Amino acid sequence: MTEHYVIIGNGVAGNEAACHLRQRDPESRITIITAGRLLFYSRYELPRLFHEDCDWRDFLVNPVEYYVENRINVRRNSFVTHVDAQRKSINLAHKESISYSQLLVASGGATNLPAELSDFAPLLNRFNLYTAACQVRDILPKKGKVVMLGGDVLGLDLARNLINEGYQVILVATEQTFWPHRVDPDERKLLLGALTDMGVEVIENAKIETIQEGAPGMSARHILFDDGCEIFADVVMPFFGLLPAADFMMGSGVDFERGLLVGTNLRTTDPSIWAAGDVCQIWSPEENQYRFYYGWQNVKKMGEIAARNMTGDDIHWETATDHKMYIDENRQIVSPYWEHD
Ligand SMILES: Cc1cc2nc3c(=O)[nH]c(=O)nc-3n(C[C@H](O)[C@H](O)[C@H](O)COP(=O)(O)OP(=O)(O)OC[C@H]3O[C@@H](n4cnc5c(N)ncnc54)[C@H](O)[C@@H]3O)c2cc1C
């Protein structure tokens, strides 16, 4: 019988898996489901919007023809609400249900927003999607001021690009600064110093009291801290790392902790469901715990391993070395997460 591989997620992991599934099972049906409206594009390159005249076409990783030639059906604008592991089907928000013979969950991560800031969510600008990035570009005046809350590696990548383009960046540092790098207190001090040298204004140990809309004719945002200090800015952006996007797996019977739990072969506790990318926590025999591995190369490798195992191989994830953040000879911060192909 022809296999129907369904992949939830149109990112690096899902697309890498689809490519290997097609090579290894030429007769199969492959369907990628995504909540997004665009084909697979590189979010890593979104900071280019600030220094190049480009649009969404410039970010696409594969041309449209690639999907036709490889018979990979991409269902866009389709939000998965539930997975029924017993019936081997998934439900979409628009009430459609799709059956699978094997399912790969590669739904990535969503922007993490600490609970104490949730009331201010409508006043915060994200940078997680092409449309969100365009919005920031469009509202930011020349040499405008951006306040970054947290400062994970995605935010710091944007910060260095903004500084190079003449914008002002203020970083309100928190425990998520440099996420997902593991940084000890001495390293943190040095890295924050290097950020200051790069032109980022760093604020530490500050608790936000409130974020408000600016008065007409003034800066669009006003942040008040509990010590009475205040900042006016054009844009305020949260960068507190990512949370696995796996709510739709609730009630599916598959084990999860923060992400979907998988063995080193990337199979979940259900024999027909696999997971790869930012959504999964892989068993690490060395550390005796499940853990996340981020970054383009790691996630791509997971997509390949899952696809190969879904088609009969038995290969395993080997613990990757932790990416270290460092300061180069020009006093610039470098993160291996910023390297991708
Ligand atoms: C703006 C941005 C920039 C980044 N830059 C870097 C970087 O420079 N370096 C780095 O190492 N990492 C970076 N990352 C992290 C990086 O995204 C990941 O490590 C990697 O790309 C994750 O790939 P993925 O395939 O697991 O998931 P993603 O690329 O996040 O893809 C998830 C897919 O799942 C879909 N999805 C989620 N939930 C549902 C649902 N319920 N129904 C249907 N579809 C759903 C989404 O629409 C999306 O298509 C960045 C992340 C963001 C958000």
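Source: prediction; values computed, not measured. (Residues numbered from 1 in each chain as written. Predicted model: local features only at pLDDT ≥ 70, side-chain atom pairs only at ≥ 80, totals over all residues.)

Asks: Is there a simple way to explain the site of the ligand in this structure?
Replies: Around the ligand there are 35 residues in total, and Gly9, Gly11, Ala13, Gly108 and Gly277 lie nearest to it. Mapped by element, the contributors of at least two residues to the shell around the ligand are helix H1 (12-24), helix H4 (153-164) and helix H6 (296-310). A total of 3 residues in the shell around the ligand trace back to one element, the largest contributor, which is H1. Of the residues in the shell around the ligand, the class split is 20 nonpolar, 12 polar and 3 charged. Shared between two domains, the shell around the ligand takes at least three residues from each, and those domains are domain 1 (4-110 + 243-310) and domain 2 (113-240). (Near = placed C-beta within 6 Å. Helix = DSSP H or I, 4+ residues; strand = E, 2+ residues; numbered from the N terminus. Nonpolar A, V, L, I, M, F, W, Y, C, P; charged D, E, K, R; others polar. Domains from an automatic or database assignment.)

Asks: I'm lost on helix H5 (residues 185-198) in this one. Help?
Replies: In this model, H5 (14 residues) spans 20 Å end to end at C-alpha, consistent with the 20 Å of a helix rising 1.5 Å per residue. Those residues of H5 lying buried are Leu191, Leu192 and Leu195. All buried residues of H5 lie within an arc of 100° about the axis, which places them on one face of the element. In this structure, H5 carries Asp186, Lys189 and Thr196 as exposed residues pointing more than 90 degrees from its buried face. In this fold, the buried residues of H5 make contact with strand S10 (168-173), strand S11 (201-203), strand S21 (326-327) and strand S22 (333-334). (Expected span 1.5 Å × (residues − 1). Buried ≥ 20, exposed ≤ 12 C-beta atoms within 10 Å, placed from the backbone. Arc of directions from axis to C-beta. Contact = placed C-beta atoms within 7 Å.)

Asks: Whenever I open this one, the sheet that holds strand S2 (residues 29-33) confuses me. Can you help?
Replies: Note on sheets: strands pair through backbone hydrogen bonds, and any given pair is parallel or antiparallel. If you walk across this open sheet you meet the 5 strands as S3-S2-S1-S7-S18, and the pairing is parallel. Two strands lie at the open edges of the sheet, namely strand S3 (72-75) and strand S18 (273-275), each paired on one side alone. Across this sheet, the average inter-strand angle for adjacent strands is 20°, counted without regard to direction. Where H1 meets the sheet, its contacts fall on strand S1 (4-8), S2, S3 and strand S7 (102-105), and the angle it forms with S2 comes to roughly 175°. (Pairing = 2+ DSSP bridges. Axes fitted to C-alpha atoms, helices over the stretch in contact; angles between N-to-C directions.)

Asks: I'm lost on unusual backbone geometry in this one. Help?
Replies: Most peptide bonds are trans, and most residues other than glycine sit at a negative phi. Going from Trp179 to Pro180, the amide bond is cis rather than trans, its omega being 0°. Secondary-structure assignment places Pro180 in the loop between S10 and H5. In this structure, Lys143 is a non-glycine residue whose phi angle is positive, near 60°. Considering the arrangement of structural elements, one finds Lys143 in the loop between helix H3 (130-139) and strand S9 (145-150). For Lys143, a count of 10 C-beta atoms within 10 Å gives the class exposed.

Asks: What is the right way to look at the sheet that holds S11 in this model?
Replies: Taken in spatial order, the 4 strands line up as S11-S10-S9-S15 in an open sheet, and their pairing is parallel. Both edges of this open sheet fall to S11 and strand S15 (235-239), since each of them pairs with a single strand only. Each neighbouring strand pair of the sheet contributes to a mean axis angle of 20°, computed without reference to strand direction. Bridge count for S9 against S10 is 6 bridges, and the pairing is parallel. Bridge assignment links Val146 to a residue of S10, and that residue is Val169.

Asks: I tried to follow the domain arrangement of the protein chain on my own but got confused; where do I start?
Replies: When the parts of a complex come together, some accessible area is lost, and that lost area is often used as the size of the interface. Domain boundaries assigned for the protein chain yield domain 1 (4-110 + 243-310) and domain 2 (113-240). Computed over C-alpha atoms only, the centres of domain 1 and domain 2 are separated by 30 Å. Contact with domain 1, which involves 11 residues of that partner, is made by 12 residues of domain 2. Among the residues making up the side of domain 1 that touches domain 2, the classes are represented as 9 nonpolar, 2 polar and no charged.

Asks: I would appreciate a short explanation of H1 in the present structure.
Replies: One turn of an α-helix holds 3.6 residues; hence residues three or four places apart share an orientation. Between its first and last C-alpha, H1 extends 18 Å over 13 residues, near the 18 Å set by a 1.5 Å rise per residue. Along H1, the residues that are buried comprise Val12, Ala13, Gly14, Asn15, Glu16, Ala17, Ala18 and Leu21. As for H1, its buried residues are in contact with S1, S2, S3, S7 and H6.

Asks: Got a minute to help me understand the pairing of strand S5 (residues 89-92) in this structure?
Replies: Within a regular beta strand, the side chains point alternately toward one face of the sheet and then the other, so they alternate between its two faces. Relative to S5, strand S4 (residues 80-84) runs antiparallel, the two sharing 4 bridges. Counterpart to Asp84 in the pairing with S5 is Ser89. Hairpin connection from S4 to S5: 4 residues lie between these consecutive antiparallel strands, with Lys88 at a positive phi of about 55°. Across 3 bridges, S5 lies against strand S6 (residues 97-99) in antiparallel orientation. Its bridge partner being in S6, Ser89 is matched across the sheet by Ser99.

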